[in-house]
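Below are the chains, spelled out letter by letter.
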Protein chains: 2
Amino acid sequence: MPTLLIASRNAHKAGEITAILGDDFTVQTLAKFPAAPEVVEDGDAFAANAVKKATEIAAWLGSQARPDLVLADDSGLEVDALDGAPGVHSARYAGGDDNAPDDANNAKLLRELADVPDDNRGAQFHCVLALVALGQAAEVRTFEGICRGRIAQAQAGQGGFGYDPLFVPDGHELSFAELGREVKNAISHRARALAKLAEYFR
Amino acid sequence: MPTLLIASRNAHKAGEITAILGDDFTVQTLAKFPAAPEVVEDGDAFAANAVKKATEIAAWLGSQARPDLVLADDSGLEVDALDGAPGVHSARYAGGDDNAPDDANNAKLLRELADVPDDNRGAQFHCVLALVALGQAAEVRTFEGICRGRIAQAQAGQGGFGYDPLFVPDGHELSFAELGREVKNAISHRARALAKLAEYFR
């Protein structure tokens, strides 16, 4: 049974069309496509407006490339002296059940480590990517990336996000936020997991 | 180049992944899919959360059946004594550039026809459907339906929408709004255009 989208937000029209055609077509309405454009009905004849609505909505649907793959990232900071905290709670470390602003999370981490000396401030950023091919949600492939470093005594730098102003990666004296995008994207936990994903595709 | 959807609403993560993978994949973000579900990240490990996000978003995408056909309807009321008005302006007859409530449109029509006797209140509902197969927006097929009748002296009935309480179809003494859905959907302008569409598919 072909699927037919009614290019209308008028529930009455959609209801009548569905009542009449419902046995021959799987009928959808624009309620399924909230991002579809509003078509301006400025024609001076019914045919002009109907053609305009059908072609503009069809063109928009055609432009909505359907992804082949879905990639999800879960990642966070694991601090040695805190037994791996904040870990999966990284984004909501200072926020209870809700995500907290980066500054609040960074401030809480500095408080927790206030008495921890430099030689015990080791930490790692940890990223796991999950990749699914559309239509094969049962077959998930995961890729892991870890970036070792240490937690600085104070925030520094404006780049990146999250704990980047506090995290100094091994082999560097500057934080991720100071090192900038290019360096971070070459050595980060996420870059390492993505490199494995790219390798898998080659 | 495969299209890869990043199952994240975190613009920072999406930016980093795009910077790293952008040469090998066409990268999309959930900004393209505002109706995608929020995934609750309640796992106790990065891998659990990443897998959950990827599989739930992939399953949702898979459930979004893509239409084969797009159908648009433009229709309205053409009154003989008004030289075909309100016509393409039917929905905004009493509203200037904006659609007006049905009651306001019906009230305006009654005012315009206040001095018009019963034997000159002929009118027709006119519907044009435009049908496009997805990916073939250049080839539009249209189907037309007309339902003749007359404009009553007062609104009657609760069914239908638009001018239905004022429109008495030929061969009947009751308005579309009084005749109800089954009768209307058997004889209306829209039903006639849809019958031609169904015939075309047979």
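Presented here is a report on the structure given in the accompanying data block. (Residues numbered from 1 in each chain as written. Chains lettered and ligands numbered in written order. Predicted model: local features only at pLDDT ≥ 70, side-chain atom pairs only at ≥ 80, totals over all residues. Heavy atoms only, no water.)

Let's shift gears to the relation of the copies chain B and chain A. Rotating chain B by 179° about the axis while translating it 0.0 Å along that axis superimposes it on chain A, leaving an RMSD of 0.3 Å. One copy is carried onto the other by what is essentially a two-fold rotation axis. When C-alpha positions in chain B are compared against the rotation axis, the closest is assigned to Pro34(B), at 3.9 Å. A high fraction, 100%, of the interface residues of chain B reappear at the interface in chain A, so the copies pair face to face through one surface. (Least-squares fit on C-alpha atoms with pLDDT ≥ 70 in both. Contact = heavy atoms within 4.5 Å.)

Listed as interface residues are 73 residues of chain B and, on the opposing side, 73 residues of chain A. Interface area for chain B against chain A, summed over the two sides, is near 6300 Å², with a carbon-plus-sulfur share of 68%. The largest share of the area that chain B buries against chain A comes from Glu16(B), Phe46(B) and Arg66(B), three residues that together contribute 12% of it. The tally of links between chain B and chain A comes to eight salt bridges. Between Glu16(A) and Lys184(B) there is a salt bridge; the shortest N-O distance is 2.5 Å. Between the two partners, chain B and chain A, sit 22 residue pairs in polar contact (both at pLDDT 80 or more). (Buried area = accessible area lost by both parts, 1.4 Å probe. Salt bridge = Lys/Arg side-chain N within 4 Å of Asp/Glu carboxyl O. Polar contact = N/O pair within 3.5 Å; in protein donor to acceptor, adjacent residues only side chain to side chain.)

Here we have six strands laid out as an open sheet, ordered E2(A)-E1(A)-E3(B)-E4(B)-E5(B)-E6(B), and mixed in their pairing. Each edge of the open sheet carries a strand with a single partner, namely strand E2 (26-29) of chain A together with strand E6 (167-169) of chain B. Each strand of the sheet is rotated relative to its neighbour by a mean of 35°, with strand direction disregarded. Where strand E5 (residues 140-151) of chain B lies against E6(B), three bridges are found, and the strand directions are antiparallel. Bridged to Ile151(B) within E6(B) is Phe167(B). Of the strands in this sheet, strand E1 (3-6) and E2 of chain A together with strand E3 (69-79) of chain B touch helix H1 (residues 11-21) of chain A, which is tilted by about 115° from E3(B). Contacts from helix H5 (residues 189-201) of chain B reach E3, strand E4 (122-133) and E5 of chain B within the one sheet, and its direction differs from that of E5(B) by about 150°. (Pairing = 2+ DSSP bridges. Helix = DSSP H or I, 4+ residues; strand = E, 2+ residues; numbered from the N terminus. Axes fitted to C-alpha atoms, helices over the stretch in contact; angles between N-to-C directions.)

This part covers the pattern of salt bridges. Tallying each qualifying case throughout the model produces 22 salt bridges over all chains. Ionic pairing is found between Arg9(B) and Glu38(B), a salt bridge with its closest N-O pair at 3.6 Å. Here Glu38(B) lies in the loop between strand E2 (26-29) and helix H2 (46-63) and Arg9(B) lies in the loop between strand E1 (3-6) and helix H1 (11-21), a separation of 29 residues in the sequence. Classification of Arg9(B) by relative accessible area gives partly exposed; the value is 43%. Salt bridges sharing partners connect three or more residues here, namely Lys13(A), Glu16(A), Asp73(B), Asp164(B), Lys184(B) and Arg190(B). (Buried < 20%, exposed > 50% of the residue type's maximum accessible area, 1.4 Å probe, protein only.)

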